[in-house]
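Geometric and topological summary
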Amino acid sequence: MATTDPATVDARELVATACRVLAAAGQDDLIWGHVSSRDSQGRGVWLKSAEWGLSEITADRVHLVDEEGSVLEGGGTRHSEYPIHTEIMNARPDVGAVVHTHPPYSVALAATGQSLRPVSHAANYFVPPEVPRFTATADLILTRDLGRSLARELGDASAIFLVNHGIVAVGATVQEAAVAAVVLEQACKQQLLTHSAGGWPSWSPPQESLAKREHIYGPRAMSAVWDYLVRQLPG
Ligand SMILES: [Zn+2]
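Here is a short report on the structure shown in this document. Just so it is clear, the structure is predicted and the values come from calculations on it, not from any experiment. (Residues numbered from 1 in each chain as written. Predicted model: local features only at pLDDT ≥ 70, side-chain atom pairs only at ≥ 80, totals over all residues. Heavy atoms only, no water.)

Another point: the pairing of strand β5 (residues 97-101). With 5 of 5 residues buried, β5 lies mostly within the body of the structure. Residues of β5 alternate between two faces, with A97, V99 and T101 on one and V98 and H100 on the opposite face, all of them buried. Pairing analysis gives 4 bridges linking strand β1 (residues 34-38) to β5, with the strands arranged antiparallel. Within the sheet, the bridge partner assigned to S36 lies in β5 and is V98. Relative to strand β8 (residues 166-171), β5 runs antiparallel, the two sharing 5 bridges. Of the residues in β8, the one forming a bridge with T101 is I167. (Buried < 20%, exposed > 50% of the residue type's maximum accessible area, 1.4 Å probe, protein only. Helix = DSSP H or I, 4+ residues; strand = E, 2+ residues; numbered from the N terminus. Pairing = 2+ DSSP bridges.)

Structure below.
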């Protein structure tokens, strides 16, 4: 039966909007990539369903999945990588939303083996500390064990590179996780551009990075960036 609980409706709408925002930001990869929001009643996560591109997601293509992978509410096929979402949420009570995408610049930068460096504003959202790298496998995260080891590698960070695969970005809210994923891709693009130009790249030292994080990526700005991204969506 379809739910009428406002928190649930809101979670589905938010996940769907975040999927479209990420697609519009260049993070769509055919039918791959997914976004989730923690269920307010502790039953699991509201997750984009499989076999649709991020740009095609509406609230009815978001379903409720528990930590065993059962679809409790809603229809459609479940993404096989659901443990990314459920196990990170289990490990991180502060996380309310998880994004997993295959953004081209982030995948390319992680594959070079270089650390993310704050060569422009964007990377200061994440660095310091270093953005962690998950290298146990570049294959799909299909089991709860792999989900747990990904969550361990993520630690307290707000994003992680799944080397030769993609990224995960997390946030307290769907809005924050989605904006973090967009900013991470922007940072990686800027770094690749910097390195491709040769010369002697420079970047902010840690103290300046922390100051810039506070000055540029405060909660109010993050929320305004989300609103901006939503306004840019095709009508
Ligand atoms: Zn993936």
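In this section: the coordination of the zinc ion. Every protein donor of the zinc ion is accounted for by E81 (OE), H100 (NE2), H102 (NE2) and H165 (NE2), and the metal-donor separations fall at 2.1 to 2.6 Å. On the primary sequence, the residues serving as donors to the zinc ion are separated as E-x18-H-x1-H-x62-H. With a gap of 19 residues between them, E81 in the loop between β4 (71-73) and α2 (82-91) and H100 in strand β5 connect regions that are remote in the sequence. There is no split in this pair, since E81 and H100 are both buried. (Donors = N, O, S within 2.8 Å, 3.2 Å for Na, K, Ca; no water.)

Before going further, it helps to spend a moment on the pairing of β1. The element β1 is extensively covered by neighbouring structure, given that 4 of its 5 residues are classed as buried. In this sheet, strand β2 (residues 45-48) lies alongside β1 in antiparallel orientation, the contact comprising 3 bridges. Bridge pairing in β2 links S36 to L47. Linkage of β1 to β2, two consecutive antiparallel strands, is achieved through a turn of 6 residues, within which G42 is found at a positive phi near 75°.

Right, let's talk about the pattern of salt bridges for a bit. One pass over the full model with this rule turns up 9 salt bridges. A salt bridge links R144 to E87; the shortest N-O distance between them is 2.7 Å. Of this pair, R144 sits in helix α4 (residues 144-154) while E87 sits in helix α2, and the two are 57 residues apart along the sequence. Judged by its relative accessible area of 3%, E87 is buried. The salt bridge partner of D145 is R148, with a shortest N-O separation of 2.9 Å. Pair noted here: D145 and R148 are both in helix α4, with a separation of 3 residues, about one helical turn. What emerges from the salt-bridge pattern is a single network uniting E67, E68, E87, R144, D145 and R148. (Salt bridge = Lys/Arg side-chain N within 4 Å of Asp/Glu carboxyl O.)

Another point: a nonpolar patch on the surface. Residues L30, I31 and W32 make up a contiguous nonpolar surface patch of roughly 320 Å² in combined accessible area. Within the secondary structure, I31 sits in the loop between α1 (6-27) and β1. (Patch = residues over 30% accessible without salt bridge, like charges linked within 9 Å, V, L, I, M, F, W, Y side chains within 5 Å. Areas by Shrake-Rupley, 256 points an atom, 1.4 Å probe, with all protein chains shown as cover.)

Interhelical geometry of helix α5 (residues 174-196) versus helix α7 (residues 219-231) gives an angle of 80° and a closest axis separation of 9 Å. Relative to α7, α5 is oriented roughly perpendicular. Between α5 and α7, the residues in contact are Q175, E176, A178, V179, A180 and V182 and M222, V225, W226 and L229, respectively. Of the residues contributing to the contact of α5 with α7, the split by class is 8 nonpolar, 1 polar and 1 charged. (Axes fitted to C-alpha atoms, helices over the stretch in contact; angles between N-to-C directions. Parallel < 35°, antiparallel > 145°, perpendicular 65-115°, else oblique. Contact = heavy atoms within 4.5 Å. Nonpolar A, V, L, I, M, F, W, Y, C, P; charged D, E, K, R; others polar.)

Okay, the nonpolar core next. V35, L116, F126, F161 and L184 are the most contacted members of the largest nonpolar core, which totals 47 residues. Taken together, the elements giving at least two residues each to this core come down to α1, β3 (62-65), β5, α3 (104-112), β7 (159-162), β8, α5 and α7. A total of 11 residues in this core trace back to one element, the largest contributor, which is α5. For L116, the residues in contact, after removing those within four places along its chain, are L109, A123, F126, V127, V131, F161, L184, A187, C188 and Q191. (Core = buried A, V, L, I, M, F, W, Y, C linked by side-chain atoms within 4.5 Å.)

Read these as geometric descriptors, not functional statements.
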